[in-house]
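These are the residues of each chain, in order.
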Amino acid sequence: MFKFLAGWFSRDVGIDLGTANVVVYVENKGVVLNEPSVLATRKSGRKGQKEILAIGMEAKRMIGKTPAGVETVRPLQHGVIADFEMTENLIQHVMVRANQGRRLFVHPRVVVCVPACVTEVEKRAVVDATLGAGAREAFVVEEPLAAALGTGLPIHEPRGNMIVDIGGGTSEVAVLSLGGIVISHSLRVAGDEMDNALVAMMRQNYTLSIGETTAEEIKFALGSAAPLEQELEMEVKGRDLMDGLPKVVRVSSVEVREALSPIIERIEDMLRMALEKTPPELVKDIVDQGLMLTGGGANLRGLNLRLADALNVPVHLAEQPLFSVALGLGKMLQSMDLTRKITVSVEGGGA
Ligand SMILES: Nc1ncnc2c1ncn2[C@@H]1O[C@H](COP(=O)(O)OP(=O)(O)OP(=O)(O)O)[C@@H](O)[C@H]1O
């Protein structure tokens, strides 16, 4: 009886639990939250317990700036849970924030997405973390399905729909038809790897040591996958590896593009492989309709142009690449019948 009432009084929630960001969609409200998937912790007590100091944007600002005893943690790596307890804390935090800071007296049903390549054990871990965080029922859905729904692709038609998601830890491609995944591939190379490539480039070209936050700032400011009409420049500050002293250098978008290029080549190879494995009738649809590019990494300047050139198919950039998955989860929340059809569901003991 209480569960029946709870269904009436709590809003269902969709969570895009990403390596870089967590985006939360609340039924009838839309996207209400977008926070980095980062926690800052401090060891407390002898048994190695950790006290949480900050979660989300506040914790991301601390990366590379923490005093002894404090560390920043990214509990998801390449789209899967690397630190279960911290993931549970992260989900709980975003659920409470999405509920305007009020405690969850009535536990919501939650749909969470996972990369298509994850194992059953990894899916189960996401369900357990979601239930542990206070959901009364948890569903997992494969990310390409949610992303395709969120970008408005007609995934239920007998037609080849290709969706490419470039996230923080994973790049993923899937071809969908008749509401299911025909083929999918994923690569543990995406936005984070681009940041690492820029850290390496700065060391090699300028003997300058920078942190991952600065590398991401360079990527946002100068990053591109194809030549720009007007190439850009910026000042970068770091520590000189030769004498250990602070140093400022000027970096151009041309050298940043060269550093990112090998990563984009790997993404292109993955897409070529996916096209090779796609049945010819569906390839024909993709050639006609093009592929849909989404995920935060899709925002890299000129990526759509470069992929179109490399693959010889039209490439469309999603309207809101960072929110496609969450918007797709939102569509699923509107129709729990659809959710039950395309997800794995587990009920919790809550509420
Ligand atoms: N304008 C931009 N140019 C280049 N990269 C960008 C831009 N905006 C965001 N990104 C990158 O997008 C990535 C985050 O994308 P997104 O939030 O889709 O990933 P995620 O869903 O958390 O990761 P995953 O799908 O791997 O679990 C980060 O690496 C970020 O640096």
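Residues numbered from 1 in each chain as written. Predicted model: local features only at pLDDT ≥ 70, side-chain atom pairs only at ≥ 80, totals over all residues.

Enquirer: What am I meant to see in the sheet that holds strand β16 (residues 246–252) here?
Expert: Strand pairing within a sheet occurs via backbone hydrogen bonds; the two strands may be parallel or antiparallel. Taken in spatial order, the three strands make up an open sheet running β14-β15-β16, and their pairing is antiparallel. In this open sheet, the two edge strands, each paired with only one partner strand, are β14 (208–209) and β16. With two bridges joining them, β14 and strand β15 (residues 233–240) adopt antiparallel strand pairing. Directly across from Leu 208, in β15, lies its bridge partner Asp 240. Lying on the sheet, helix α7 (residues 212–222) is in contact with β15 and β16; it crosses β15 at an angle near 165°. (Pairing = 2+ DSSP bridges. Helix = DSSP H or I, 4+ residues; strand = E, 2+ residues; numbered from the N terminus. Contact = placed C-beta atoms within 7 Å. Axes fitted to C-alpha atoms, helices over the stretch in contact; angles between N-to-C directions.)

Enquirer: Would you explain the UniProt feature "binding site: ATP" (unreviewed entry) in the protein in this entry?
Expert: What UniProt calls "binding site: ATP" (unreviewed entry) maps, in this numbering, to Thr 19, Ala 20, Asn 21, Gly 168, Gly 169, Thr 170, Glu 216, Glu 217, Ile 218 and Lys 219. Position of Asn 21 relative to the elements: it lies in strand β2 (residues 21–26). On the neighbour-count criterion, Asn 21 (23 C-beta atoms within 10 Å) is buried. Setting aside anything within four residues of it in sequence, one finds Asn 21 in contact with Asn 34, Glu 35, Pro 36, Ser 37, Gly 296 and Leu 322. Locating Gly 168 in the fold gives a position in the loop between β11 (161–166) and β12 (171–177). (UniProt positions renumbered as here; feature names shortened; annotations may be inferred. Buried ≥ 20, exposed ≤ 12 C-beta atoms within 10 Å, placed from the backbone.)

Enquirer: Would you explain the pairing of β11 in this entry?
Expert: For β11, a buried count of six out of six residues is recorded, marking the element as mostly surrounded by other parts of the structure. Alternating positions in β11 separate into two faces, Asn 161, Ile 163 and Asp 165 on one and Met 162, Val 164 and Ile 166 on the other, with burial throughout. One ladder, built from six bridges, connects β11 with β12; its direction is antiparallel. Looking at β12, one finds that Asp 165 is bridged to Glu 172. In this antiparallel pair of consecutive strands, β11 and β12, the connection spans four residues. Pairing of β11 with strand β17 (residues 291–294), which is carried by four bridges, proceeds in the parallel orientation. Across the sheet, the residue bridging to Met 162 is Leu 291, located in β17.

Enquirer: I would appreciate a short explanation of the site of the ligand in the present structure.
Expert: Neighbouring the ligand are 22 residues, the closest being Gly 18, Gly 167, Gly 191, Gly 296 and Asn 299. Elements that contribute at least two residues to the shell around the ligand include exactly α6 (191–206) and α7. Of the residues forming the shell around the ligand, the biggest block, three residues, is contributed by α7. Of the residues assigned to the shell around the ligand, the class counts are five nonpolar, 14 polar and three charged. (Near = placed C-beta within 6 Å. Nonpolar A, V, L, I, M, F, W, Y, C, P; charged D, E, K, R; others polar.)

Enquirer: Explain the pairing of β17 here, please?
Expert: Side-chain positions along a regular strand alternate between the two faces of the sheet. Because side chains alternate across β17, one face comprises the buried residues Leu 291 and Leu 293, and the other comprises Met 292 and Thr 294, equally buried. As paired elements, β17 and strand β18 (residues 315–317) share three bridges and run parallel to each other. The residue bridging Leu 291 from the neighbouring strand is Val 315, located in β18. Between the parallel pair β17 and β18, the chain is carried across by helix α10 (residues 303–311), and the sense of this crossover is right-handed. (Right-handed = clockwise from strand over helix to strand, strands pointing away.)

Enquirer: When you look at the sheet that holds strand β6 (residues 70–73) in this model, what are you seeing that I'm missing?
Expert: An order of β5-β4-β6 is seen for the three strands of this open sheet, with the pairing classed as antiparallel. Of all the strands in the sheet, the pair left with one neighbour each is β5 (49–55) and β6. Mean inter-strand twist for the sheet, computed between neighbouring axes without regard to direction, equals 35°. Sheet analysis places strand β4 (residues 39–44) next to β6, joined by four bridges and oriented antiparallel. When the sheet's bridge partners are listed, Leu 39 is paired in β6 with Val 73.

Enquirer: Is there a simple way to explain the nonpolar core in this structure?
Expert: Judged by nonpolar contacts, the single largest core of 100 residues is most densely connected at Val 24 and Val 112. Residue contributions to this core peak at nine residues, all from helix α8 (residues 253–277). The residues touching Val 112, leaving out its near neighbours within four places in the chain, are Ile 15, Leu 17, Val 126, Thr 130, Ala 138 and Val 140. (Core = buried A, V, L, I, M, F, W, Y, C linked by C-beta atoms within 7 Å.)

Enquirer: Whenever I open this one, the packing of helix α5 (residues 143–150) against helix α11 (residues 324–334) confuses me. Can you help?
Expert: The angle between the axes and the distance between the axes are what describe a pair of packed helices. α11 packs onto α5 with a crossing angle of 85° between their chain directions and a minimal axis gap of 6 Å. Here α5 is positioned roughly perpendicular relative to α11, judged by the angle of their axes. Residues Glu 143, Ala 146, Ala 147, Ala 148, Leu 149 and Gly 150 of α5 form the contact with α11, whose participating residues are Ser 324, Val 325, Ala 326, Leu 327, Gly 328, Leu 329, Lys 331 and Met 332. Across the contact of α5 with α11, the residue classes break down as nine nonpolar, three polar and two charged. (Parallel < 35°, antiparallel > 145°, perpendicular 65-115°, else oblique.)

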